[in-house]
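Structural characterization, general
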Amino acid sequence: MDTEALRSFVRAADLGQVGHAAAELGVTQQAVSKRVAGLERELGVHLFTRTARGVELTLDGQAFLPHARAVVTGVDRAVAAVRPGSRALRVDVLGLRSAQAVVLHDYWRSHPGTRLDVVTLKVEDPLLAAAAVESGEVDASFRTVVDRSALPRGVRMVHAFESPLELLVGPRHPLAAARRLTPSRLREHRIWVPGIAPRSEWAEFYHQLATDFDLRIDAAGPNFGNEVLQDTLADSPDVATLVGARDRYTWPAHYDLRRIPIAGPTIAYPLSLLHPDANPHPGLRPVVDHLRGLPCLPGDTWRPSWAPDPDPDPDDTTTRK
């Protein structure tokens, strides 16, 4: 099948105008029309309905579009894999202060000259992040789809690393003087995690954490950001929150907030990496090698039941021992 015909079809479908697709592709409108017509003959269906405004997809065209888009994306990735000066590796993280961003920054600092584009997709449902990987909007995403059967067929999810949690409290909190805490000591204390979004991986994580350790995790109220949360903790005698040990936070020195490690067991937030199952970006392999080298957590560690296991295949670009 002619990949340029597929590309012409995809761009015409996206733009709704054969002429606009031709201008973008640098060919004549007649050339795009011939390519699409040849594709329709090969498939034995009509892909477009011509209208006064341009073109609209038929039902067959709607069914064919995502598959055609996947082929075009795969071809582009294959070409980029061997073309000098291909675009930067684009990776989605939950936030620029998150553990994922910190780990990627460490990687970038140790690999000068690496072309890396760190982005934050404004989505909370990990399936939307998986769709962005499938479409080629991003090359990888640090998200976990708890139900693996819901993953798009062209997207793979692998273990990336684990982030141990710490308790963050203000100086007036009864646990503020502790040097280390067990999960059992957190019972009866209000752990405020505002803005836990339905269908998000962290909603699943906190639900299982609260159930397994009988914790009081409060998601009440909108999430106004880390600064407002820190303001509350600094003045409160009874509110605490949980943060990742690698997460980067800053606050005024007079707040005197304390980050207290949790052990016996350590509580691990599992981080996964979503990437295309075929033709991943060539810059992904060294990033995954960096993830493999991160320190492992102690044997006495709690993980949610859905935490992905490390991939056992040492030759795959996405494994970690």
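Scroll up to find the structure.
So, here's what we can say about the structure. (Residues numbered from 1 in each chain as written. Predicted model: local features only at pLDDT ≥ 70, side-chain atom pairs only at ≥ 80, totals over all residues. Heavy atoms only, no water.)

1. Concerning the packing of helix α1 (residues 3-15) against helix α3 (residues 29-43)
Pairs of packed helices are described in terms of their axes, by the angle between the two and the distance that separates them. Between α1 and α3, the least distance of the axes is 8 Å, while the angle of their chain directions is 110°. The angle between the axes of α1 and α3 places the two elements in the roughly perpendicular class. Residues Glu4, Ala5, Leu6, Ser8 and Phe9 of α1 lie in contact with α3, whose contacting residues are Val32, Arg35, Val36 and Leu39. When the residues that make up the contact of α1 with α3 are grouped by side-chain class, the tally is six nonpolar, one polar and two charged. (Axes fitted to C-alpha atoms, helices over the stretch in contact; angles between N-to-C directions. Helix = DSSP H or I, 4+ residues; strand = E, 2+ residues; numbered from the N terminus. Parallel < 35°, antiparallel > 145°, perpendicular 65-115°, else oblique. Contact = heavy atoms within 4.5 Å. Nonpolar A, V, L, I, M, F, W, Y, C, P; charged D, E, K, R; others polar.)

2. What to know about the side chain of aspartate 92
Residue placement: aspartate 92 occurs in strand β3 (residues 89-92). A residue is classified by how much of its surface remains accessible, and aspartate 92, at 0% relative accessible area, is buried. At 2.9 Å, the side chain of aspartate 92 and the backbone nitrogen of leucine 121 are in polar contact. In terms of polar contacts, aspartate 92 uses its side chain to reach the side chain of serine 141, at 2.6 Å. Sequence-distant contacts of aspartate 92, that is, excluding residues within four places in its chain, are made with Val119, Thr120, Leu121, Ala129, Val138, Ala140, Ser141, Phe142 and Arg143. (Buried < 20%, exposed > 50% of the residue type's maximum accessible area, 1.4 Å probe, protein only. Polar contact = N/O pair within 3.5 Å; in protein donor to acceptor, adjacent residues only side chain to side chain.)

3. Some points on the pattern of salt bridges
Per the stated rule, a full pass over the model turns up 16 salt bridges. Residues aspartate 76 and arginine 7 are paired through a salt bridge, measuring 2.9 Å at the closest nitrogen-oxygen approach. Remark: arginine 7 occurs in helix α1 and aspartate 76 occurs in helix α4 (residues 59-82); sequence separation between them is 69 residues. The exposure class assigned to aspartate 76 is partly exposed, which follows from its relative accessible area of 36%. With relative accessibility at 18%, the residue arginine 7 sits in the buried group. Each of Arg11, Asp14, Glu24 and Arg69 takes part in one network of salt bridges that share partners. (Salt bridge = Lys/Arg side-chain N within 4 Å of Asp/Glu carboxyl O.)

4. Comments concerning the pairing of strand β4 (residues 116-119)
With four bridges joining them, β3 and β4 adopt parallel strand pairing. Opposite arginine 90, over in β4, you have aspartate 117 as the bridge partner. In this fold, the crossover linking β3 to β4 by way of helix α5 (residues 99-110) has right-handed handedness. (Pairing = 2+ DSSP bridges. Right-handed = clockwise from strand over helix to strand, strands pointing away.)

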